[in-house]
Structures are given as C-alpha cells and as structure tokens.
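# Architecture at a glance
Listed here are the chains, written in short residue letters.
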Amino acid sequence: MVVFVKLLGVAMVVLGVIFLTSPRAIKKYMAFWTKGKRAYAGGVLSILVGIMFLVAASQCRVPWVVALLGIWAVIKGIFLFTLGPEKITSQLKWWAARPLVILRIAALLALTFGTLLICSA
C-alpha cells in the first residue's frame, strides 16, 4: 500500500513539473474531464484513491498527512457526483480561462502535494 501512495506522489510530481513547464497542458488535461460522463469516472477514481490512502495511512511514515489527503480525495469524489457533469464542466472551463501564471501556481501546488505525499509515505 505504501508503494501505491509513493507512486501516486511521483505521478503528482511528474504532472506538476509538466504543468509548470507547459501550463497549456493543464488546459488539455481539464478538457479531457469535460467530455461525456468522465466527471463521474473522476469521482469514482477519487473515492477509490481516497480509500486506498485511508487504508495505507497506518503504514506510512506520517500517517495523518496521508489520511488527510485520503479524506480530501473521498470528499472530492462525492462532490463530483453531487455537482454533476454540467457544473464540473463549467468549473473546469472557468479555471482553464485563468491566466497562465495562475495555472503555474496550481501546478506548483500539485508538485508540492506530490512531494509531501512521497515524503509522508
């Protein structure tokens, strides 16, 4: 389980670096989630990742960080289901319209959370 947490942290770091160097890639990533019912798939994925984090937290070096991120992921997944695809699409389009500097800050946050996850696992 700890390996899963670390791998997800590495994936977040990689995405953070890609998005930091090319913020337009964030727009493509967001556009992917706006098509069809992919928001629901994102909700399922978030809930599954959150549950995995909660299960793995007790085995990690800093369990409260992993547990907190797990709770956050489960709540995000529930919100994705309750808001529905139309609302999610409008939110993603709003974020995609932000200036590139804001998107770079978001990428920096992803990079930071990924590093925190790797260190906590």
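All values reported here derive from a predicted model rather than from experimental measurement. (Residues numbered from 1 in each chain as written. Predicted model: local features only at pLDDT ≥ 70, side-chain atom pairs only at ≥ 80, totals over all residues. Heavy atoms only, no water.)

Attention now moves to helix α3 (residues 38-56). Over its 19 residues, α3 runs 27 Å from end to end, which matches the ideal 27 Å to within 8%, given 1.5 Å per residue. Inspection of α3 places Ala39, Gly42, Gly43, Ser46, Val49, Gly50, Phe53 and Ala56 among the buried residues, and these make up the whole buried set. Angular distribution of buried residues about the axis of α3 spans 160°; they occupy a single face of the element. On the buried face of α3, the contacting elements are α1 (2-21), α2 (24-34), α4 (63-96) and α5 (100-120). (Helix = DSSP H or I, 4+ residues; strand = E, 2+ residues; numbered from the N terminus. Expected span 1.5 Å × (residues − 1). Buried < 20%, exposed > 50% of the residue type's maximum accessible area, 1.4 Å probe, protein only. Arc of directions from axis to C-beta. Contact = heavy atoms within 4.5 Å.)

Moving on: the nonpolar core. Counting residues in each nonpolar core, the largest one holds twelve residues, listed as Phe19, Ala25, Ile26, Met30, Trp33, Ala39, Leu80, Ile88, Leu92, Ala96, Leu103 and Ala107. Apart from the residues lying within four places of it in its own chain, the contact partners of leucine 92 are Met30, Trp33 and Thr34. The next biggest cluster of nonpolar side chains, apart from the first, holds eleven residues, and it includes Val49, Ala56, Leu117 and Ala121. (Core = buried A, V, L, I, M, F, W, Y, C linked by side-chain atoms within 4.5 Å.)

Quick look at the layout of surface pockets now. Taken as a whole, the largest pocket encloses approximately 1600 Å³ of empty space. For the lining of the largest pocket, the secondary structure elements donating two or more residues are α1, α2, α3, α4 and α5. Among the elements that make up the lining of the largest pocket, the one with the highest residue count is α4 (twelve residues). Across the lining of the largest pocket, the residue classes break down as 32 nonpolar, three polar and one charged. (1 Å grid on protein atoms, 1.4 Å probe; cavity = no way out; pocket = protein on both sides within 12 Å on 5 of 7 lines; lining within 4 Å. Points joined across faces, edges and corners; volume = space filled by probe spheres on them. Nonpolar A, V, L, I, M, F, W, Y, C, P; charged D, E, K, R; others polar.)

As a further point, take the packing of α1 against α5. Packed helices, taken two at a time, are described by their axes: the angle between them and the distance between them. α5 packs onto α1 with a crossing angle of 160° between their chain directions and a minimal axis gap of 7 Å. Classed by the angle they form, the pair α1 and α5 counts as roughly antiparallel. Crossing of α1 over α5 shows left-handed handedness. Facing α1, whose interface residues are Val5, Lys6, Leu8, Gly9, Val10, Met12, Val13, Gly16, Val17, Phe19, Leu20 and Thr21, α5 presents Arg104, Ala107, Leu108, Ala110, Leu111, Phe113, Gly114, Thr115, Leu117 and Ile118. Of the residues that constitute the contact of α1 with α5, the class distribution is 15 nonpolar, five polar and two charged. (Axes fitted to C-alpha atoms, helices over the stretch in contact; angles between N-to-C directions. Parallel < 35°, antiparallel > 145°, perpendicular 65-115°, else oblique. Left-handed = near helix turned anticlockwise from the far one by under 90°.)

This paragraph deals with the packing of α1 against α3. At a minimum axis separation of 9 Å, α1 and α3 run at an interaxial angle of 130°. One element, α1, and the other, α3, form an angle in the oblique class. Every pair of crossing elements has a handedness; the one defined by α1 and α3 is left-handed. Mapping the contact onto sequence places Phe4, Val5 and Leu8 in α1 and Val49, Met52, Phe53 and Ala56 in α3.

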